[in-house]
Amino acid sequence: MAVVPMRKNKAKEDGGAVALPATVYEPTPAEASAVAAYMKRRDSRRPNPKMKVAMSTRENGARVASIVVEHPDIDTGYNLISEAIAADSNTFTLGTIDALAKAAQLGGDLDEGQLNYALSMVYGLKPKDQIEATLAVQMAAIHLATMNTAAGLGGSKTHEMREVHERALNRLSRTFVAQVEALKRYRSKGEQRVYVERVNVQKGAQAIVGNVGGRGGEQDENGR
């Protein structure tokens, strides 16, 4: 079953005539504020192109996908993608798109919507180098696999199939969490931080933040 999100109100037909809404909807103040915040965030992002997919069938019956950037100028479109994923070569950019295409296949065909969804996830993580971009691609692939497995779980008709999908869903979910942690660790490499949650200072005493020497944190008989 394909789920197609509707983006526009469908007018009802009445005797061959299209029935238009009597009034124009006025968003509430809270809705208007939320929409304005979204529009601001959307308009401030980098120009991130989408991909167009065309499926064809060869004489031997094999299905082939042709992928091209959706931009008036092909070179500019691929350069924009390269900048968004912190690529330093066309080879890496094309390899990244190919990797996402492999993850976005459904039933043997490449799904354009899934490919662009996966690409948008990579864009959204805003990779700073090719390591981060590669990890972002893996995260997108694991997320797509997780959702497909969840769909399989929901459609399972036997206890055995439900168990298979539950185990796979559990592994994929844990993998995604591990990927998030790996990205956080990589991005914080070389940073040393001191976190102070609570400091109690008695009258006449001095608070010390940092490395404090001593024998296992114990005080000697003179309180040192």
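Predicted model, so just to flag it, every value in this text is computed and none were measured.

**Student:** So what exactly am I meant to see when it comes to the pairing of strand β3 (residues 50-57) here?
**Tutor:** Within a regular strand, side chains alternate between the sheet's two faces. Direction of pairing for β3 relative to strand β4 (residues 63-70): antiparallel, over a ladder of eight bridges. Within the sheet, the bridge partner assigned to M55 lies in β4 and is A65.

**Student:** Looking at this structure, I do not really get the pattern of salt bridges. What am I missing?
**Tutor:** Two side chains carrying opposite charge are able to pair once their charged atoms lie near each other. Throughout the structure, instances matching the rule amount to seven salt bridges. The shortest N-O distance in the salt bridge between K52 and E112 comes to 3.9 Å. Of this pair, K52 sits in strand β3 while E112 is found in helix α4 (residues 112-125), placing the two residues 60 residues apart along the sequence. Taking relative accessible area as the criterion, K52 reaches 38% and is therefore assigned partly exposed. According to the relative accessible area criterion, E112 is partly exposed, its value standing at 26%. The salt bridge partner of R63 is D109, with a shortest N-O separation of 3.1 Å. Residue R63 is located in strand β4, and its partner D109 is located in strand β6 (residues 109-110); the two are separated by 46 residues in the primary sequence. Residue class for R63 comes out partly exposed when judged on its relative accessible area of 40%.

Definitions and limits used
Residues numbered from 1 in each chain as written. Predicted model: local features only at pLDDT ≥ 70, side-chain atom pairs only at ≥ 80, totals over all residues. Heavy atoms only, no water. Pairing = 2+ DSSP bridges. Helix = DSSP H or I, 4+ residues; strand = E, 2+ residues; numbered from the N terminus. Salt bridge = Lys/Arg side-chain N within 4 Å of Asp/Glu carboxyl O. Buried < 20%, exposed > 50% of the residue type's maximum accessible area, 1.4 Å probe, protein only.

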